[in-house]
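# Analysis of the macromolecular model
Listed here are the chains, written in short residue letters.
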Amino acid sequence: QDVKSPEKIRKIQNVHSVREYVRQALDPNLDFLVSRIVKTLFELQRRQYVKDPIKAKARRRLVLGMREVQRGLRSGNLKCVIVAYNIDQGNESVHGGIDDNVSAIIGRFP
């Protein structure tokens, strides 16, 4: 039995610590404040889920991941998007890869 594994998309290692899509000046204080906001939102969401899981799923305060962010953009429910400044670069030959998704998400905000 010769089973071939599916071709893996090769990831290009991020050679720069800051990608070209970053518009914000990097600051350790800002990193700290953003992490506090995310932790607070996560805790509030967890508390709401303990009280009422159905209502918590309907009124999410925090979504993680490209697919969830794109879904929130389509529905118009997002107020803020936080994108890491050092996402590894995707393979440019793949249409709809990580770089295209990040550009589409960032392009929705002025």
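Residues numbered from 1 in each chain as written. Predicted model: local features only at pLDDT ≥ 70, side-chain atom pairs only at ≥ 80, totals over all residues. Heavy atoms only, no water.

## Remarks on the confidence of the model for the protein chain
Scored by pLDDT, the protein chain comes out at a mean of 80, with 78% of its residues at no less than 70. Ranking the elements of the protein chain by mean pLDDT puts helix α4 (residues 98–107) last with 82 and helix α1 (residues 28–51) first with 92. (pLDDT = per-residue confidence, 0-100. Helix = DSSP H or I, 4+ residues; strand = E, 2+ residues; numbered from the N terminus.)

## With respect to the packing of helix α3 (residues 66–75) against α4
Packing of α3 against α4 brings their axes to within 11 Å, and their N-to-C directions diverge by 30°. Taken as a pair, α3 and α4 cross one another with a handedness that is left-handed. Counting all contacts with α3, which are made through M66, V69, Q70 and L73, the residues of α4 involved are I98, N101, V102 and I105. In terms of residue class, the contact of α3 with α4 is made up of 6 nonpolar, 2 polar and no charged. (Axes fitted to C-alpha atoms, helices over the stretch in contact; angles between N-to-C directions. Left-handed = near helix turned anticlockwise from the far one by under 90°. Contact = heavy atoms within 4.5 Å. Nonpolar A, V, L, I, M, F, W, Y, C, P; charged D, E, K, R; others polar.)

## Remarks on the environment of T40
By the element assignment, T40 lies in helix α1. Given a relative accessible area of 44%, T40 falls into the partly exposed group. Separated by 22 residues in the primary sequence, T40 and L62 place their C-alpha atoms 9.9 Å from one another. There is a polar contact of 2.8 Å between the side chain of T40 and the backbone oxygen of R36. (Buried < 20%, exposed > 50% of the residue type's maximum accessible area, 1.4 Å probe, protein only. Polar contact = N/O pair within 3.5 Å; in protein donor to acceptor, adjacent residues only side chain to side chain.)

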